[in-house]
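Take a look at the letters that make up each chain.
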Amino acid sequence: AQSVTQPDIHITVSEGASLELRCNYSYGATPYLFWYVQSPGQGLQLLLKYFSGDTLVQGIKGFEAEFKRSQSSFNLRKPSVHWSDAAEYFCAVGARTNAGKSTFGDGTTLTVKP
Amino acid sequence: DTEVTQTPKHLVMGMTNKKSLKCEQHMGHRAMYWYKQKAKKPPELMFVYSYEKLSINESVPSRFSPECPNSSLLNLHLHALQPEDSALYLCASSQDPPPSSYNEQFFGPGTRLTVL
């Protein structure tokens, strides 16, 4: 069965500092990987996705993520965080063998200090 | 139009009430989803509709009844809910239904449901 682990429940960074959110997955084959962001009281917005090809994926809002098969990781990064980035971040894995259903991590709450 | 809309934004209902949540998308997507999300938790899949037919039911209690009247609309009918059903209910859509090809899901803003 596929699974996703986001080791950091809560991260605080200063505005302008760099950010890395960790995501580890468990799946036998090449997974489909996603990062979503959710602002308070809102739905989820897709930041970026990885299906195949280039392992460094660029997304919206200046985010990028790198797929590392050897480490079963798909970490999200941003070089300079803005106060508006404060939100909940979910990593998700989808797979055809699971009827294509996504499995979400428990999320990481990002707080941005002024 | 790349938006999924949901109404109402907020809903308060008693345990004997009947209410419905509505979701709409005009992107021509062929799959639509209902998720339930509790505070500080990830979304939990409830139902998937593929080409207007129910394809996945994640063992959801019968007090939740989905309906897909056409390719753009998805409803969730609620009856005799329990206080523990209070949550954010999210609708999503994707270009193609799983598992033939996996596409990103577009989420609506959700309906905040409170059951008294």
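Residues numbered from 1 in each chain as written. Chains lettered and ligands numbered in written order. Predicted model: local features only at pLDDT ≥ 70, side-chain atom pairs only at ≥ 80, totals over all residues. Heavy atoms only, no water.

This brings us to unusual backbone geometry. Residue and element names in this part refer to chain B. Looking along the chain, the bond that leaves Thr 7 and enters Pro 8 is cis, with omega of -10°. Inspection of the secondary structure assignment puts Pro 8 in the loop between strand 1 (4-7) and strand 2 (10-13). Unlike most non-glycine residues, Tyr 51 shows phi in positive territory, near 50°. Within the element layout of this structure, Tyr 51 appears in the loop between strand 5 (44-50) and strand 6 (53-57). (Helix = DSSP H or I, 4+ residues; strand = E, 2+ residues; numbered from the N terminus.)

On to the state of the cysteines, then. All names here are of chain B. Counted under the stated rule, the structure contains two disulfides over all chains. Residue pairing for Cys 23: its cysteine sulfur links by disulfide to Cys 91, the two sulfurs lying 1.9 Å apart. A torsion of -70° about the S-S bond marks the disulfide between Cys 23 and Cys 91 as left-handed. Residue Cys 23 is located in strand 3 (residues 18-25), and its partner Cys 91 is located in strand 9 (residues 87-94); the two are separated by 68 residues in the primary sequence. (Disulfide = S-S within 2.5 Å.)

It is worth spelling out the confidence of the model for chain A at this point. The share of residues in chain A with pLDDT of 70 or more is 95%, and the mean pLDDT across the chain is 91. Across chain A, strand 3 (residues 19-21) of chain A holds the top mean pLDDT of 98, while strand 11 (residues 102-104) of chain A sits lowest at 87. (pLDDT = per-residue confidence, 0-100.)

Each side of the interface is counted separately: chain A has 22 residues, and chain B has 23 residues. Across the chain A/chain B interface, buried area totals approximately 1700 Å², and carbon plus sulfur atoms make up 58% of it. Counting every contact that joins chain A to chain B gives one salt bridge. In this structure, Glu104(B) and Lys49(A) form a salt bridge, with 2.6 Å as the shortest nitrogen-oxygen distance. Counting across the chain A and chain B interface gives two residue pairs in polar contact (both at pLDDT 80 or more). Listing elements by their share of the side of chain A that touches chain B, those giving two or more residues are strand 5 (32-38), strand 6 (44-50), strand 10 (87-94) and strand 11 of chain A. Here the side of chain A that touches chain B gets four residues from one element, more than from any other, and that element is strand 5 of chain A. (Contact = heavy atoms within 4.5 Å. Buried area = accessible area lost by both parts, 1.4 Å probe. Salt bridge = Lys/Arg side-chain N within 4 Å of Asp/Glu carboxyl O. Polar contact = N/O pair within 3.5 Å; in protein donor to acceptor, adjacent residues only side chain to side chain.)

It is worth spelling out the pairing of strand 6 of chain A at this point. Residues and elements named next belong to chain A. Counting buried positions along strand 6 yields five of seven residues, so the element is predominantly enclosed. Bridge count for strand 5 against strand 6 is six bridges, and the pairing is antiparallel. By the bridge assignment, Trp 35 is partnered in strand 6 with Leu 48. The loop that links strand 5 with its antiparallel partner strand 6 comprises five residues; one of these, Gly 41, has a positive phi angle of about 70°. (Buried < 20%, exposed > 50% of the residue type's maximum accessible area, 1.4 Å probe, protein only. Pairing = 2+ DSSP bridges.)

This part is about the pairing of strand 3 of chain B. Residue and element names in this part refer to chain B. Judged from the four bridges that link them, strand 1 and strand 3 form a sheet pairing that is antiparallel. Bridged to Thr 5 within strand 3 is Glu 24. In the sheet, strand 3 pairs with strand 8 (residues 73-79) via seven bridges, with the strands oriented antiparallel. By the bridge assignment, Leu 21 is partnered in strand 8 with Leu 76.

This part is about the environment of Thr108(A). Residues and elements named next belong to chain A. Relative to the helices and strands, Thr 108 resides in strand 12 (residues 108-113). Residue classification places Thr 108 among the buried residues on the basis of a relative accessible area of 1%. Sequence spacing of Thr 108 and Ala 92 is 16 residues, and the spatial spacing of their C-alpha atoms is 12 Å. Setting aside anything within four residues of it in sequence, one finds Thr 108 in contact with Gln 6, Asp 8, Ile 9, His 10, Ile 11, Leu 21, Ala 87, Glu 88 and Tyr 89. At 3.4 Å, the side chain of Thr 108 and the side chain of Gln 6 are in polar contact.

This part covers the packing of aromatic side chains. Counted by the stated rule, this structure contains 14 aromatic pairs over all chains. With centroids separated by 5.9 Å and ring planes inclined at 40°, the aromatic side chains of Tyr36(A) and Phe104(A) adopt a geometry described as tilted. Separated by 68 residues along the polypeptide, Tyr36(A) in strand 5 and Phe104(A) in strand 11 bring together distant segments of the chain. The pair Tyr36(A) / Phe104(A) is uniform in exposure class, with both members buried. On the basis of an interplanar angle of 35° and a centroid distance of 5.8 Å, the ring pair of Phe64(B) and Tyr89(B) is categorised as tilted. In this pair, Phe64(B) is assigned in strand 7 (residues 64-70) and Tyr89(B) in strand 9, connecting sequence segments 25 residues apart. One exposure class covers both Phe64(B) and Tyr89(B), and it is buried. (Phe/Tyr/Trp six-rings, centres within 6.5 Å; stacked < 30°, edge-to-face > 60°.)

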